[in-house]
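# Structure at a glance
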Amino acid sequence: MSKQILVLPGDGIGPEIMAEAVKVLRLANDKYSLDFELSFDELGGAAVDKYGVPLADETLARARAADAVLLGAVGGPKRDSIDPAIRPERGLLKIRAQLGLFGNLRPAILYPQLAEASSLKPEVVAGLDILIVRELTGGIYFGQPRESKVLENGERMAYDTLPYSESEIRRIARVGFDMAMVRGKKLCSVDKANVLASSQLWRAVVNEVAKDYPDVELS
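Residues numbered from 1 in each chain as written. Predicted model: local features only at pLDDT ≥ 70, side-chain atom pairs only at ≥ 80, totals over all residues. Heavy atoms only, no water.

### Quick look at the overall build of the protein
Summing up its helical and strand segments, the protein has seven helices and nine strands in all. Counting over 219 residues, the protein shows a buried share of 30%. Summarising the internal contacts of the protein: among those between residues at least 6 apart in sequence, 65% fall at separations of at least 24. When the 28 basic and 31 acidic side-chain charges of the protein are each reduced to a single mean position, those positions are 2 Å apart. (Helix = DSSP H or I, 4+ residues; strand = E, 2+ residues; numbered from the N terminus. Buried < 20%, exposed > 50% of the residue type's maximum accessible area, 1.4 Å probe, protein only. Contact = heavy atoms within 4.5 Å. Lys, Arg positive; Asp, Glu negative; His and termini not counted. Charge placed at Lys NZ, Arg CZ, Asp CG, Glu CD.)

This is the structure we're talking about:
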């Protein structure tokens, strides 16, 4: 049975990038007989234009049924002033949460040919090869309560909540440690434990997970 890939070009540069990515996918499919099928739908501002919402229920159902989702980009100046409830980014956050996409891997590699093009000294930036592991479904983006209101004195105020559960921290920490095991066996956990209670829990849990990875140097 063919594997199903749902393509969501999105907004801005998304459709332009996705057009080229689809060419590569189809070429690879033909050359290596990978046996997958592509289908297309909308997310973000393009979905607002088509469905009236940044992520339609039918699109989410198709994403759940697919073997993989290929997403371009969402948002842009065109939609900065629309109703916050249907901003393109709402679709991105919703698909992350609904599909459980909690771990974002962002490689940063400097190719030797580009060392002279960096604003840093070549000898400082040469050989750059790091992988940033970002947590995507917890924390301040999803925390409740959140509110914007006008105080009695007429001043506007807004607040967000930054919650993390032990299980959310533990699972993203394991992704980081697992990635470190197949790379340089070094992991740097970034927090603000000197101030934030959520970061204090973050550091405590990461230190606990580290015991299962004695070969990884944690900082």
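### Remarks on unusual backbone geometry
The omega angle of the peptide bond from Gln144 to Pro145 is 5 degrees, so this bond is cis rather than trans. Within the fold, Pro145 resides in the loop between β5 (129–135) and β6 (147–150). Not every positive phi belongs to a glycine, and Ser33 is a case in point at roughly 50 degrees. Positionally, Ser33 belongs in the loop between α1 (14–32) and β2 (36–40).

### Quick look at the pairing of strand β7 (residues 156–159)
Where β6 meets β7, four bridges bridge the pair, whose relative direction is antiparallel. Pairing of Ser148 across the sheet is with Ala158, part of β7. Hairpin connection, β6 to β7: the antiparallel pair is bridged by five residues, and Gly154 has positive phi, about 90 degrees. (Pairing = 2+ DSSP bridges.)

### A word on helix α7 (residues 197–210)
For α7, with 14 residues, the first-to-last C-alpha span of 20 Å sits near the 20 Å given by 1.5 Å per residue. Of all the residues in α7, the buried ones are Ser198, Ser199, Trp202, Val205, Val206, Val209 and Ala210. End-on, the buried residues of α7 take up no more than an arc of 145 degrees, which puts them together on one face. Buried-residue contacts for α7 involve β5, α6 (166–181) and β9 (217–218). (Expected span 1.5 Å × (residues − 1). Arc of directions from axis to C-beta.)

### Things to note about a nonpolar patch on the surface
Taken together, Ile140, Tyr141, Leu162, Val195 and Leu196 make up a surface patch of nonpolar side chains, about 430 Å² in accessible area. Looking at the element boundaries, Leu162 is found in the loop between β7 and α6. For Leu162, a relative accessible area of 35% translates into the label partly exposed. (Patch = residues over 30% accessible without salt bridge, like charges linked within 9 Å, V, L, I, M, F, W, Y side chains within 5 Å. Areas by Shrake-Rupley, 256 points an atom, 1.4 Å probe, with all protein chains shown as cover. Salt bridge = Lys/Arg side-chain N within 4 Å of Asp/Glu carboxyl O.)

### As for the layout of surface pockets
Taken as a whole, the largest pocket encloses approximately 1000 Å³ of empty space. In terms of lining, the largest pocket is formed by 36 residues, of which the most central are Val133, Arg134, Glu135, Val190 and Trp202. Broken down by class, the residue content of the lining of the largest pocket amounts to 20 nonpolar, eight polar and eight charged. Of the volumes computed, that of the second largest pocket is approximately 440 Å³. (1 Å grid on protein atoms, 1.4 Å probe; cavity = no way out; pocket = protein on both sides within 12 Å on 5 of 7 lines; lining within 4 Å. Points joined across faces, edges and corners; volume = space filled by probe spheres on them. Nonpolar A, V, L, I, M, F, W, Y, C, P; charged D, E, K, R; others polar.)

### A look at the environment of Gly75
Relative to the assigned elements, Gly75 resides in the loop between β3 (68–73) and α4 (88–99). C-alpha of Gly75 to C-alpha of Pro54: the two residues are 21 residues apart in sequence and 9.9 Å apart in space. Residues contacting Gly75, with those up to four places away along its chain left out, are Asp11, Gly12, Pro88 and Glu89.

### Here's the deal with the nonpolar core
Counting residues in hydrophobic clusters, the biggest one holds 14 residues, and the most contacted among them are Ile169, Phe177, Trp202, Val206, Val209 and Val216. Sequence-distant contacts of Phe177, defined by excluding residues within four places in its chain, comprise Leu187, Val206, Val209, Ala210, Tyr213, Val216 and Leu218. (Core = buried A, V, L, I, M, F, W, Y, C linked by side-chain atoms within 4.5 Å.)

### Describing the packing of helix α3 (residues 57–65) against α4
At their nearest, the axes of α3 and α4 sit 11 Å apart, and the two run at 40 degrees to each other. Here α3 is positioned oblique relative to α4, judged by the angle of their axes. α3 and α4 meet at a crossing whose hand is right-handed. Along its contact with α3, which presents Asp57, Leu60, Ala63 and Arg64, the element α4 presents Lys94, Ile95, Gln98 and Leu99. Partitioning the contact of α3 with α4 into residue classes produces four nonpolar, one polar and three charged. (Axes fitted to C-alpha atoms, helices over the stretch in contact; angles between N-to-C directions. Parallel < 35°, antiparallel > 145°, perpendicular 65-115°, else oblique. Left-handed = near helix turned anticlockwise from the far one by under 90°.)

### Side note on the pattern of salt bridges
A full pass over the atoms with the stated rule returns 13 salt bridges. Salt-bridge contacts for Lys94 lead to Asp57; the nearest nitrogen and oxygen are separated by 3.7 Å. Of the two residues, Lys94 is situated in helix α4 and Asp57 in helix α3; the sequence distance between them amounts to 37 residues. When its relative accessible area of 55% is taken as the criterion, Asp57 is described as exposed. The shortest N-O distance in the salt bridge between Arg146 and Asp160 comes to 3.5 Å. One end of the pair, Arg146, is in the loop between β5 and β6; the other, Asp160, is in the loop between β7 and α6, and 14 residues separate them in sequence.

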